[in-house]
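Listed here are the chains, written in short residue letters.
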Amino acid sequence: MPGRDSSCKTEKHYWSENRGRGPYDCADVWDRARERTRRELGRRHLKARYDSASRIVETIAGRKRPQSEAARVELIFNQNVARWKSETLHWSSIQKMISHPSYLRIIGIGKPVIPLLIRELHNNPDHWFAALEAVTGENPVPPTANFPQAVAAWVEWWERNNDSRRVTGTLS
Amino acid sequence: MTRDELQGLFPKLADSNFSIESAMTPQYNCIAFAVGDESQWWEHGARLCYWPPGMTEGGTLDSWIRVFERHGYDLLSINSTTDN
């Protein structure tokens with residue numbers, strides 16, 4: 001049976017010779033401290049695991065995935081715009097230009113490409129009217145419009161249908 | 001478009017003394033420019049494009065010859081062609 005430890009200044013603790021923690025160690029104090037440390041380490045470990053899991057969930061289901069998908073669409077778009085411009089810049093037939101594989105690939109992206117096309121049309125006007133019509137199913141350009149009027153008609157169409165996403169703001 | 005890019009597209013330009021007079025534009029094409037119209041793209045059957053009234057054919061050498069003849073050009077007997 002452990003007796004009262006004469007070296008324990010509080011005189012509330014019993015000395016355990018079997019534990020052998022040193023002449024000033026109080027067994028239950030040490031056990032409680034160890035228990036607190038264990039709980040604290042466990043809490044930190046649990047929090048770290050929770051934070052890690054949260055980031056994974058966020059990445060998969062939250063903000064990260066749409067961003068990477070949008071970035072992927074934009075990358076494909078930019079690559080095909082560059083190729084289309086490079087390979088058709090000296091052509092004199094719009095019908096031939098809009099049949100180019102890169103132009104068709106851009107149409108094939110579908111609706112996610114609409115804001116990119118509008119921005120490209122606004123910043124670097126070119127013959128994107130057929131692509132926009134193919135993707136949106138609409139044609140806001142009057143039959144008698146000239147090139148600048150056609151560009152303006154599509155930009156206005158976008159701003160009319162996307163009040164919070166003005167071409168000169170969010171898109172540019 | 002730079003001189004190098006132009007010479008790459010049209011190699012025969014390398015032997016000539018040419019200069020770039022204006023930036024490229026999608027508003028009109030070479031046919032329109034040749035007949036003095038810088039306001040619209042000339043092409044048969046394409047939307048938002050102009051093609052002379054009464055000309056029912058486009059996209060062929062014969063149709064372009066007829067368009068140019070309407071605008072004061074004459075066909076010569078020199079047999080020389082360049083793409084585009």
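Fair warning: this is a prediction, and the values are worked out from it, not measured in the lab.

Definitions and limits used
- Residues numbered from 1 in each chain as written.
- Chains lettered and ligands numbered in written order.
- Predicted model: local features only at pLDDT ≥ 70, side-chain atom pairs only at ≥ 80, totals over all residues.
- Helix = DSSP H or I, 4+ residues; strand = E, 2+ residues; numbered from the N terminus.
- Contact = placed C-beta atoms within 7 Å.
- Axes fitted to C-alpha atoms, helices over the stretch in contact; angles between N-to-C directions.
- Parallel < 35°, antiparallel > 145°, perpendicular 65-115°, else oblique.
- Left-handed = near helix turned anticlockwise from the far one by under 90°.
- Nonpolar A, V, L, I, M, F, W, Y, C, P; charged D, E, K, R; others polar.
- pLDDT = per-residue confidence, 0-100.
- Core = buried A, V, L, I, M, F, W, Y, C linked by C-beta atoms within 7 Å.
- Buried ≥ 20, exposed ≤ 12 C-beta atoms within 10 Å, placed from the backbone.

1. Topic: the overall build of chain A
- Along chain A, the regular secondary structure elements total 8 helices and 0 strands.
- Each helix (α) and strand (β) of chain A, taken in turn from the N terminus, gives the series α-α-α-α-α-α-α-α.
- A separation threshold of at least 6 residues defines the contact pool for chain A, and within that pool the share at least 24 residues apart is 40%.

2. Focus: the overall build of chain B
- On a plain count of helices and strands, chain B comes out with 3 helices and 0 strands.
- Shown N-terminal to C-terminal, the secondary structure of chain B runs as helices and strands in the order α-α-α.
- A separation of at least 24 residues holds for 10% of the contacts in chain B among residues at least 6 apart in sequence.

3. Notes on the packing of helix 5 (residues 114–123) of chain A against helix 7 (residues 147–161) of chain A
All names here are of chain A.
- Closest axis-to-axis distance for the helix 5/helix 7 pair is 10 Å, and the angle between their directions is 140°. Classified by the angle between their axes, helix 5 and helix 7 sit oblique to one another. Here the hand of the crossing between helix 5 and helix 7 comes out left-handed. Taking contact as the criterion, the partners of Ile118, Leu121 and His122 in helix 5 are, on helix 7, Val151, Trp154, Val155 and Trp158.
- Considering only residue class, the contact of helix 5 with helix 7 consists of 6 nonpolar, 1 polar and no charged.

4. Things to note about the interface of chain A and chain B
- Of the residues lining the interface, 16 residues belong to chain A; the matching set on chain B comes to 18 residues.
- Mapped onto the side of chain A that touches chain B, the elements with two or more residues apiece are helix 3 (94–97) and helix 7 of chain A.
- Of the residues assigned to the side of chain A that touches chain B, the class counts are 9 nonpolar, 6 polar and 1 charged.

5. Details of the packing of helix 4 (residues 101–109) of chain A against helix 6 (residues 129–136) of chain A
Residues and elements named next belong to chain A.
- Where helix 4 contacts helix 6, the two axes come as close as 9 Å, and the packing angle between them is 30°. Of the possible angle classes, the one that applies to helix 4 and helix 6 is roughly parallel. Crossing hand, helix 4 versus helix 6: right-handed. Along its contact with helix 4, which presents Tyr103, Ile106 and Ile107, the element helix 6 presents Ala131, Ala134 and Val135.
- Of the residues in the contact of helix 4 with helix 6, the class split is 6 nonpolar, no polar and no charged.

6. Observations concerning the confidence of the model for chain A
- Mean pLDDT over chain A stands at 81; residues scoring 70 or higher make up 72%.
- Within chain A, helix 8 (residues 167–171) of chain A has the poorest average pLDDT of any element, 54, and helix 4 of chain A the best, 98.

7. Focus on the nonpolar core
- Among the nonpolar cores identified, the biggest contains 28 residues, and Leu117(A), Leu121(A), Phe129(A), Ala150(A) and Trp154(A) are the most heavily contacted of them.
- When contributions to this core are tallied by element, the ones reaching two or more residues are helix 2 (64–88), helix 3, helix 4, helix 5, helix 6 and helix 7 of chain A.

8. Points about unusual backbone geometry
- Of note, the phi angle at Leu48(B) is positive, near 60°, even though the residue is not glycine.
- As for its placement among the helices and strands, Leu48(B) is situated in the loop between helix 2 (30–34) and helix 3 (61–70).

9. Observations regarding the confidence of the model for chain B
All names here are of chain B.
- Confidence in the prediction of chain B, expressed as mean pLDDT, is 87, and 92% of residues score 70 or more.
- Taking the mean pLDDT of every element in chain B, the minimum, 86, falls on helix 1 (residues 3–9) and the maximum, 93, on helix 2.
- What the predictor reports for the complex is a pTM of 0.67 with an ipTM of 0.84.

10. So, the environment of Trp64(B)
- By the element assignment, Trp64(B) lies in helix 3.
- The sequence separation of Trp64(B) and Ile31(B) amounts to 33 residues, and the corresponding C-alpha distance is 8.3 Å.

11. As for the environment of Glu38(B)
All names here are of chain B.
- Structurally, glutamate 38 can be placed in the loop between helix 2 and helix 3.
- For the pair formed by glutamate 38 and tyrosine 28, sequence separation is 10 residues and the distance between their alpha carbons is 5.7 Å.
- In this view, glutamate 38 contacts Tyr28, Ala32 and Phe33; residues no more than four positions away in its chain are not counted.

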